[in-house]
Amino acid sequence: MNKKNLFWAFVALVIAASLLYTFTGTEDPEFYRTTIEAERERQFKFLKYNLDSPLKAEQKEDMDSLDFYPVDPAYKVRARLEPVADRRILEIPMTDGSLERYIRHSFAVFELQGQTIKLLLLQAEDEADRRNFFLAFADKTSGDETYGGGRYLNLRQDGQSSLNIDFNLAYNPYCAYNPDYACPIPPRENILEIPIRAGEKNYDK
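Before going into details, it helps to say that this report is about the structure given with it. From a predicted model like this one, the values you see are computed outputs, not experimental measurements.

**Quick look at the overall build of the protein chain**
Right, so step 1: Secondary structure assignment for the protein chain yields 3 helices and 7 strands.
Right, so step 2: In the protein chain, buried positions account for 51% of the 205 residues.
Right, so step 3: The long-range share in the protein chain, meaning contacts at least 24 apart out of those at least 6 apart in sequence, stands at 63%.
Right, so step 4: Summing over all exposed atoms, the protein chain offers an accessible surface of approximately 10,100 Å²; the carbon and sulfur share of this is 50%.

**Overview of the packing of aromatic side chains**
Right, so step 1: Tallying each qualifying case throughout the model produces 7 aromatic pairs.
Right, so step 2: Pairing Phe134 with Tyr152 gives two aromatic rings, centres 4.9 Å apart and planes at 75°, and the pair type is edge-to-face. Of this pair, Phe134 sits in strand E5 (residues 132–137) while Tyr152 sits in strand E6 (residues 151–156), and the two are 18 residues apart along the sequence.
Right, so step 3: Assessed through its relative accessible area of 4%, Phe134 is described here as buried.
Right, so step 4: In this arrangement the basic side chain of Lys118 is found over the ring face of Phe107, its NZ or CZ atom lying 4.8 Å from the centre.

**Examining the nonpolar core**
The nonpolar side chains of a soluble globular protein tend to be buried, and buried together.
Right, so step 1: The biggest cluster of nonpolar side chains holds 27 residues, and the ones touching the most others in it are Leu47, Met63, Leu66 and Leu122.
Right, so step 2: Where this core is concerned, the elements lending two or more residues are helix H2 (29–49), strand E2 (89–93), strand E3 (99–112), strand E4 (115–124) and E5.
Right, so step 3: The residues touching Leu66, leaving out its near neighbours within four places in the chain, are Gln43, Phe44, Leu47, Tyr177 and Glu200.
Right, so step 4: Formed by 26 residues, the second largest nonpolar core is a distinct cluster that contains Ile36, Ala108, Ile117 and Ile194.

**Focus on the side chain of Gln123**
Right, so step 1: Within the secondary structure layout, Gln123 lies in strand E4.
Right, so step 2: By relative accessible area, which is 2% here, Gln123 ends up buried.
Right, so step 3: In terms of polar contacts, Gln123 uses its side chain to reach the side chain of Arg130, at 2.9 Å.
Right, so step 4: Ignoring anything within four residues of it in the chain, the contact list for Gln123 reads Tyr102, Ile103, His105, Asp129, Arg130, Arg131, Asn132 and Phe133.

**Let's talk about the pairing of E3**
Right, so step 1: Counting buried positions over the 14 residues of E3 gives 11, a clear majority of the element.
Right, so step 2: Of the pairings in the sheet, the one linking strand E1 (residues 76–83) to E3 comprises 4 bridges and is antiparallel in character. Bridge pairing in E3 places Leu81 opposite Ala108.
Right, so step 3: Bridging between E2 and E3 involves 5 bridges; their strand directions are antiparallel. Residue pairing across strands places Ile89 opposite Ile103, the latter belonging to E3.
Right, so step 4: Counted between consecutive antiparallel strands, the loop separating E2 from E3 contains 5 residues, among which Gly97 sits at a positive phi close to 95°.
Right, so step 5: Strand direction decides the pairing type here: E3 and E4, joined by 10 bridges, are antiparallel. Counted as the bridge partner of Glu111 is Thr116 from E4.
Right, so step 6: Here E3 folds back onto E4 in antiparallel fashion, the turn holding 2 residues, of which Gln113 has a positive phi close to 55°.

**Quick notes on H2**
Right, so step 1: The first and last C-alpha atoms of H2 sit 30 Å apart over 21 residues, in line with the 30 Å expected at 1.5 Å per residue.
Right, so step 2: Listed in full, the buried residues belonging to H2 are Tyr32, Thr35, Ile36, Glu39, Arg40, Gln43, Phe44, Phe46, Leu47 and Lys48.

Cut-offs applied
Residues numbered from 1 in each chain as written. Predicted model: local features only at pLDDT ≥ 70, side-chain atom pairs only at ≥ 80, totals over all residues. Heavy atoms only, no water. Helix = DSSP H or I, 4+ residues; strand = E, 2+ residues; numbered from the N terminus. Buried < 20%, exposed > 50% of the residue type's maximum accessible area, 1.4 Å probe, protein only. Contact = heavy atoms within 4.5 Å. Areas by Shrake-Rupley, 256 points an atom, 1.4 Å probe, with all protein chains shown as cover. Phe/Tyr/Trp six-rings, centres within 6.5 Å; stacked < 30°, edge-to-face > 60°. Lys NZ or Arg CZ within 6 Å of the ring centre and 35° of its normal. Core = buried A, V, L, I, M, F, W, Y, C linked by side-chain atoms within 4.5 Å. Polar contact = N/O pair within 3.5 Å; in protein donor to acceptor, adjacent residues only side chain to side chain. Pairing = 2+ DSSP bridges. Expected span 1.5 Å × (residues − 1).

Structural data, given as structure tokens:
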């Protein structure tokens, strides 16, 4: 399996975990916290032990945990979907200088930290389920507390024109762990002027 396929296999695992989390809800704060922590533990075990992990052997030996912000329900928001005026193919730059094609699908609009935020949702050209979206974003923590190349979320539309976005599930791309991997760079629409102190922090090499 090549590195691109490995990356999308990891994305599929994250989507599955996100779906489980979405359908179980967040009415019970303790259940919500343990659900997020269980997903974080699953992510750690994948990186530490899985043969498809982007980590090199010496990195696996040295890794004893991943670094996350504390779980904060304030970073789970309900967003409405606004179709883009020009839904078209967008070539997203990768960290190795190549380009990867995505459908410029919709905007997710929501309130966070007293501001109205509008982020561009992308969809892979070969995505079979048109309710699945990819969100790459960067924020005021990028390059300091979090990975400089931004972080990712895999989202699923679960309403007629809405979806949940939980930044507690934000994760690092493979290139945060291993520069041999190429990862999509967040589009300019998704460069936030506020800090998102939720989800995964920078990988300590």
